[in-house]
Amino acid sequence: MAELPEDEIRSALHRAADLAADYLVGVGDLPVTPSVVPGEIGALLPDEPPLDGEPMERILDDWKSLIVPGLTHWNHPRFFAYFAITGSAPGVAAETLAAAANVNAMLWRTSPVATELEERACDWLRRMVGLPEGFRGHINDTASIASLLALAAARHRLPGLDIRRRGLSGATAAPVVYASDQAHSSIDKAVLTLGLGLDHLRRLPSDERFRLRPEALERAVAEDRAAGRAPMAVVATAGTTSTTSVDPVEAIAEIAAREGLWLHVDAAYAGCAAVCPELRATMAGWERADSIVLNPHKWLFTPVDCSVLFVRDLDGWRDTFSVVPEYLRSWDDSVQLMDLGVQLGRRFRALKLWMVIRAYGVEAIRGAIREHCRLARSLAERIDAEPGFEVVAPVPFSTVCFRATPGGSAQEEDRFNERLLERVNASRRVFLSHTRLPSGLSQEGAPPDRFVLRLAVGNLKTTEDDVEEAWTSILRAARALT
C-alpha cells in the first residue's frame, strides 16, 4: 500500500480546506442541533469496512450529506448550552498542520519544537492571566485529566505514604479530598480512579452564592484528623459548572497552608477571564495554589482539546509520574513532557494555542471576553425585569442561570421549566442546557432543589442579535406553555 499520489493529496486537502472554510463561515445559518433520532445515522453506515479503498472525492462528499446533518454545532453563535466554545479559524488551521506533522511530543528529541513551543505558549498564557513566575504550564486534553493528575501529585506528597512503592496498601490513614457540593463531577471520577473511594471525598456545603464555605472546610478537616484520617487536598473552583461561582480561594488557601493540604484550583471555564484585569480580582488567592487548570478550548477560542495545567513545584510533580525505561532515556537537560503525566503519546496541541494567541492578540481576546460578559449581564437584567422569571445565581462572567416562575407547587414549576427547555431546544434555533440548584437566592418556601435553565455565551461569533433570538424563543415558548 502506498500513500496517495501528490495530485490526489493536494486535491483532497484543498477541498477539505474549502469545506472547513464554508462550514466556519456558514455555520450560523444551520440549525444548532440535528433533526435525527438515536440509531438513525448508524443505520446509514455500512456494517463492514470496504475491502478496496474509495476515492477521497467520494468520501469528502459525505461531509455534507452525512456528517453535517448529524452534528450538534458547538461552533454555532446560538449554541448557549454547557459552556459555549469556539474552534476559531487560526486554531483549525493549526490543527490541520499538527495533523500533517503527526509528531509524538513525548520527549524533547522526538520533536524539539513541540516541547519548546508548549513551554512558551503556556508561559504566554501564564503572563496573560497574571500568575507569578513560579508556575510552569503544560497541556493536557481536558480539565478532568488535569485534576486527576493534580490529585495524584497530592497523594504522592502525603507524608508517611510511599505511594510509588507500596501504593495505598501502605496507608495507615485514609487520604481525604475536600470540595464544595458545586465542584465538577470530574473530582469524583479522579477519587474513584486513584483508589481513594467516594467515601473519602468530602462534598462540603456551599453558601447562598454557591461558593464553598471556608468554615465548613475547617470543620471537616478537624473531624477527619480526629477520626484518624489523612486530609490530603482541597479543590477550589473558580467558575463552577452550574453557576460559574468562584469559591473564596484566598480563605481556602489560608486553611490549606495551615493544614498542609494540596490546593488545586479548577478554573477550567473562568480562568481564561483573568486575561481581563478587572475580572482577575475574582481569582484572588489562586496564586497560592499548588496546581491550577484552565481550558483555552472553553473560552480562549482554541479548538477542543486544549487544557493547560499550571504547577508550582515541577520537580516534585515529575517525581510523581516519571518512569523512564532505557528505550526512552534522554541525555539532554530539557523537560520531557512524558514525565508530567500518565500518557506517553502526546499530540502537538501547543501549535493551536500559539497560533490563536498570535492571530488575535491579547487586547482582542480581552475585548471578546468582556463583550460576552456584557451580553450575559444584559440578559440577566432583562430576565429579572420580566414577570414570571427569575435569575437564580450571580452572573460574574458570561453564564446566566434562570427559571420561569409560573406559580403552582415546586414540582409543577420544575416540570414547567423542563417543558420550557424542551420546547426552546426543539426549535433548533438555539440550544440551552440545564442544572439543578439548591434554593439559594430564591424566595422563601422554594424547593430545596430546583430545575434551572442555563445560557452560556462564549462563541466568538455570538452577537446581541443571537442573544435576543434566544430570549425571544424563551418568552414565546413560555407563553405557549402558559
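Residues numbered from 1 in each chain as written. Predicted model: local features only at pLDDT ≥ 70, side-chain atom pairs only at ≥ 80, totals over all residues. Heavy atoms only, no water.

Counted under the stated rule, the structure contains 11 aromatic pairs. The interplanar angle of 75° and the centroid separation of 5.4 Å between the aromatic rings of Phe79 and Phe431 together place this pair among those described as edge-to-face. Here Phe79 is found in the loop between α2 (56–67) and α3 (89–101), whereas its partner Phe431 is found in the loop between α14 (410–426) and β10 (433–438), with 352 residues between them in sequence. Each member of the pair, Phe79 as well as Phe431, is classed as buried. Ring pairs connect the aromatic residues Trp74, Phe79, Tyr82 and Phe431, which therefore count as one cluster. Over the ring of Phe83 we find Arg454; its NZ or CZ atom is 5.0 Å from the centre of that ring. (Phe/Tyr/Trp six-rings, centres within 6.5 Å; stacked < 30°, edge-to-face > 60°. Helix = DSSP H or I, 4+ residues; strand = E, 2+ residues; numbered from the N terminus. Buried < 20%, exposed > 50% of the residue type's maximum accessible area, 1.4 Å probe, protein only. Lys NZ or Arg CZ within 6 Å of the ring centre and 35° of its normal.)

With respect to the element layout, Thr237 can be found in strand β4 (residues 230–237). Look past the residues within four positions of Thr237 in its chain and what remains in contact with it is Ala183, Ser245, Val246, Asp247 and Asp266. (Contact = heavy atoms within 4.5 Å.)

By the definition in use, this model includes 41 salt bridges. Ionic pairing is found between Arg211 and Asp207, a salt bridge with its closest N-O pair at 3.0 Å. A relative accessible area of 13% places Asp207 in the buried class. Between Asp315 and Arg318 there is a salt bridge, with its nearest N and O atoms 2.6 Å apart. (Salt bridge = Lys/Arg side-chain N within 4 Å of Asp/Glu carboxyl O.)

A water-sized probe, rolled over the atoms, reveals where empty space remains. Size it by volume and the largest pocket reaches roughly 1300 Å³. Lining the largest pocket are 48 residues, and of these Gly87, Val92, Glu95, Pro303 and Val304 sit closest to its centre. Counting residues per element, the ones that place at least two in the lining of the largest pocket are α1 (6–26), α2, α3, α5 (143–157) and α11 (296–299). Taken together, the residues of the lining of the largest pocket sort by class into 27 nonpolar, 18 polar and 3 charged. (1 Å grid on protein atoms, 1.4 Å probe; cavity = no way out; pocket = protein on both sides within 12 Å on 5 of 7 lines; lining within 4 Å. Points joined across faces, edges and corners; volume = space filled by probe spheres on them. Nonpolar A, V, L, I, M, F, W, Y, C, P; charged D, E, K, R; others polar.)

This next bit is on the environment of Val246. The topology assignment puts Val246 in the loop between β4 and α9 (249–259). Separated by 72 residues in sequence, Val246 and Ala174 have C-alpha atoms that sit 29 Å apart. Contacts of Val246, omitting those with residues within four sequence positions, involve Arg211, Thr237, Ala238, Gly239, Thr282 and Phe397.

The next thing to look at is a nonpolar patch on the surface. A surface patch of nonpolar side chains, about 190 Å² in accessible area, is lined by Val36, Ile41 and Leu45. Following the sequence through the fold, Ile41 ends up in the loop between α1 and α2. (Patch = residues over 30% accessible without salt bridge, like charges linked within 9 Å, V, L, I, M, F, W, Y side chains within 5 Å. Areas by Shrake-Rupley, 256 points an atom, 1.4 Å probe, with all protein chains shown as cover.)

The subject of this paragraph is the confidence of the model for the chain. Per-residue pLDDT for the chain has a mean of 95; in total, 98% of the residues score no lower than 70. Across residues 440–447 the pLDDT falls below 50, and counting only partners more than four positions away or on other chains, this stretch makes 13 contacts in the model. (pLDDT = per-residue confidence, 0-100.)

Moving on to the packing of α5 against helix α7 (residues 185–193). With their axes 9 Å apart at the nearest point, α5 and α7 run at an angle of 45° to one another. As judged from the angle between their axes, α5 and α7 are oblique. Considering the relative orientation of α5 and α7, their crossing is right-handed. Where α5 approaches α7, its residues Ser144, Ser147, Leu148 and Leu151 are matched on the opposing element by Ser186, Ile187, Ala190 and Thr193. For the contact of α5 with α7, the residue count by class is 4 nonpolar, 4 polar and no charged. (Axes fitted to C-alpha atoms, helices over the stretch in contact; angles between N-to-C directions. Parallel < 35°, antiparallel > 145°, perpendicular 65-115°, else oblique. Left-handed = near helix turned anticlockwise from the far one by under 90°.)

Attention shifts here to α1. Its 21 residues give α1 an end-to-end C-alpha distance of 30 Å, which sits within 8% of 30 Å, the value for a rise of 1.5 Å per residue. All of the buried residues along α1 are Ala12, Leu19, Tyr23 and Leu24. Angular distribution of buried residues about the axis of α1 spans 130°; they occupy a single face of the element. Turned more than 90 degrees away from the buried face of α1 sit Glu6, Asp7, His14 and Val25, all of them exposed. The inward-facing, buried residues of α1 contact α2 and α3. (Expected span 1.5 Å × (residues − 1). Arc of directions from axis to C-beta.)

A separate point is the pairing of strand β9 (residues 399–404). Burial runs high along β9: 6 of the 6 residues are buried. By the alternation rule, side chains of β9 split into Thr399, Cys401 and Arg403 and Val400, Phe402 and Ala404, which are all buried. In the sheet, strand β8 (residues 389–391) pairs with β9 via 3 bridges, with the strands oriented antiparallel. Residue pairing across strands places Phe389 opposite Ala404, the latter belonging to β9. Pairing geometry for β9 and strand β11 (residues 449–456), over 4 bridges, is antiparallel. Paired with Thr399 across the bridge in β11 is Ala456. (Pairing = 2+ DSSP bridges.)

Right, let's talk about the nonpolar core for a bit. Side chains that are nonpolar tend, in soluble globular proteins, to be buried together. One finds Val265, Trp286, Trp317 and Ile369 to be the most contacted residues of the largest nonpolar core, which totals 101 residues. Setting aside residues no more than four positions away along its own chain, Trp317 makes contact with His138, Leu149, Ala150, Ala153, Trp262, Ser291, Leu309, Val311 and Leu340. Formed by 30 residues, the second largest nonpolar core is a distinct cluster that contains Ala376, Val395, Val400 and Phe451. (Core = buried A, V, L, I, M, F, W, Y, C linked by side-chain atoms within 4.5 Å.)

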